[in-house]
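# A structural walkthrough
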Amino acid sequence: MTQKPHNHHRNMFFEMFLRVLITVSSALAIILSSISVCDGQWISTPEEPIFGVWDTCKKGSIQCSEEMAWLSQHMVLVRSTVSLAVVVAIFGLELLMVSQLCEDGHSHKKWNMGSVLLVISFFLSSTGTLTYAILLKDFTDLGSFTLLFWCQFVGVFLFFLNGISGIYFSRLIA
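The protein is annotated in an unreviewed UniProt entry as Voltage-dependent calcium channel gamma-like subunit isoform X2 of Xenopus laevis.

Turning to the side chain of S33, a few remarks are in order. Relative to the helices and strands, S33 is located in helix α1 (residues 3-39). Residue classification places S33 among the buried positions, given a relative accessible area of 0%. With residues up to four places along the chain from it excluded, the contact list for S33 reads V86, Q152 and F159.

The next subject is a nonpolar patch on the surface. Residues L142, L147, W150, F153 and V154 make up a contiguous nonpolar surface patch of roughly 530 Å² in combined accessible area. With respect to the helices, strands and loops of the structure, F153 is situated in helix α4 (residues 147-173).

What follows is about the pattern of salt bridges. Tallied over the entire structure, the rule returns two salt bridges. A salt bridge links R19 to E15, with the nearest nitrogen and oxygen atoms 3.4 Å apart. Here the residue R19 and the residue E15 both occupy positions in helix α1, the gap between them amounting to four residues, near one helical turn. For K110, the salt bridge identified is with D104, shortest N-O distance 3.6 Å. Taking relative accessible area as the criterion, D104 reaches 39% and is therefore assigned partly exposed.

What counts and what doesn't
Residues numbered from 1 in each chain as written. Predicted model: local features only at pLDDT ≥ 70, side-chain atom pairs only at ≥ 80, totals over all residues. Heavy atoms only, no water. Helix = DSSP H or I, 4+ residues; strand = E, 2+ residues; numbered from the N terminus. Buried < 20%, exposed > 50% of the residue type's maximum accessible area, 1.4 Å probe, protein only. Contact = heavy atoms within 4.5 Å. Patch = residues over 30% accessible without salt bridge, like charges linked within 9 Å, V, L, I, M, F, W, Y side chains within 5 Å. Areas by Shrake-Rupley, 256 points an atom, 1.4 Å probe, with all protein chains shown as cover. Salt bridge = Lys/Arg side-chain N within 4 Å of Asp/Glu carboxyl O.

Right under this line is the structure:
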């Protein structure tokens with residue numbers, strides 16, 4: 001009889017530890033991605049000026065070629081998807097935190113929805129990041145990506161890892 005309450009406390013500690021770890025890691029992913037998206041300087045090459053996510057190139061300006069103007073028009077997709085990914089991830093993180101703070105009949109659903117929103121953030125941010133890399137593949141190589149690009153890359157990975165582990169964890173305890 002005394003073993004059951006002891007195991008129950010151990011399981012509760014393990015469950016709470018994993019929930020907090022997923023939540024803190026999700027917050028870290030949002031911070032990394034937010035900083036990366038707000039700055040947007042993802043490529044640096046010595047011979048070319050930096051072409052970032054938010055830099056715009058106006059047709060007809062001296063430093064703007066036709067190809068750069070075309071790239072500038074297509075950066076709208078990158079900006080939109082990575083910015084939307086951060087917003088969706090913030091709502092996902094909020095649901096994860098609320099599910100832990102307000103233990104009610106809907107806590108399990110809030111946790112699941114928060115985890116699903118993190119997976120949606122992964123799809124949005126990976127689409128934007130991959131689109132950026134594909135659009136600028138002719139202008140860059142692997143060594144010209146800045147630390148901010150790699151922060152975005154880590155943020156994308158953490159969105160995926162936290163979303164999938166949150167869904168899996170929820171199914172384990174259900």
